[in-house]
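# Results of the structural survey
The lines below spell out each chain.
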Amino acid sequence: MTNIKKGDTVKVIAGKDKGAEGKVIKVLREEDRVIVEGVNRIKKHTKVVNQGGRAGTTGGIITTEAPIHVSNVMLVEGKGVTKIGFKRVEVTKRRPDGSEYKATRSVRISRKTGKEI
């Protein structure tokens, strides 16, 4: 289970891009990896594909972000980084017939400040 979500701002804490910050573009849950904007950039060589007429792609060298393991990033909060915890909070939900009831939902919290993320 990964605590990092798409759209989070994270800081790289290990590897060749250590210290770099960026926004999470995509989370690959099965592999426990995340793709971070501007981090772990690789050059990919692409071939010219002419199938489909206009739908063909042009060849060349494309620079893209490669996945980075989720253990090598930490969530940025304020000026520093923080661990992520979870807390159950009570909320009021509404049924389709209009009646209300109490339920709990899980929210992510900052371990450093205790505030909801």
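Residues numbered from 1 in each chain as written. Predicted model: local features only at pLDDT ≥ 70, side-chain atom pairs only at ≥ 80, totals over all residues. Heavy atoms only, no water.

The name given to the chain in an unreviewed UniProt entry is Large ribosomal subunit protein uL24, with the source organism recorded as Nocardioides panacisoli. What UniProt records for the chain under Subunit (unreviewed entry) is the sentence "Part of the 50S ribosomal subunit." The chain has a UniProt comment under Sequence similarities (unreviewed entry) that states "Belongs to the universal ribosomal protein uL24 family." (UniProt positions renumbered as here; feature names shortened; annotations may be inferred.)

## Here we look at the sheet that holds strand S7 (residues 73-77)
Within a sheet, adjacent strands bond to each other through the backbone by hydrogen bonds, running parallel or antiparallel. Spatial strand order, S6-S3-S2-S1-S7-S8: six strands in an open sheet with antiparallel pairing. Each end of this open sheet is capped by a strand with a single partner; those strands are strand S6 (68-69) and strand S8 (80-82). Where strand S1 (residues 9-12) lies against S7, three bridges are found, and the strand directions are antiparallel. Across the sheet, Lys-11 pairs through a bridge with Met-74, a residue of S7. (Pairing = 2+ DSSP bridges. Helix = DSSP H or I, 4+ residues; strand = E, 2+ residues; numbered from the N terminus.)

## A closer look at the pairing of S1
Taking every second residue as pointing to the same face, the buried face of S1 carries Val-10 and Val-12, while none of Thr-9 and Lys-11 on the other face is buried. In this sheet, strand S2 (residues 21-28) lies alongside S1 in antiparallel orientation, the contact comprising three bridges. Along S2, the bridge assignment pairs Val-10 with Gly-22. (Buried < 20%, exposed > 50% of the residue type's maximum accessible area, 1.4 Å probe, protein only.)

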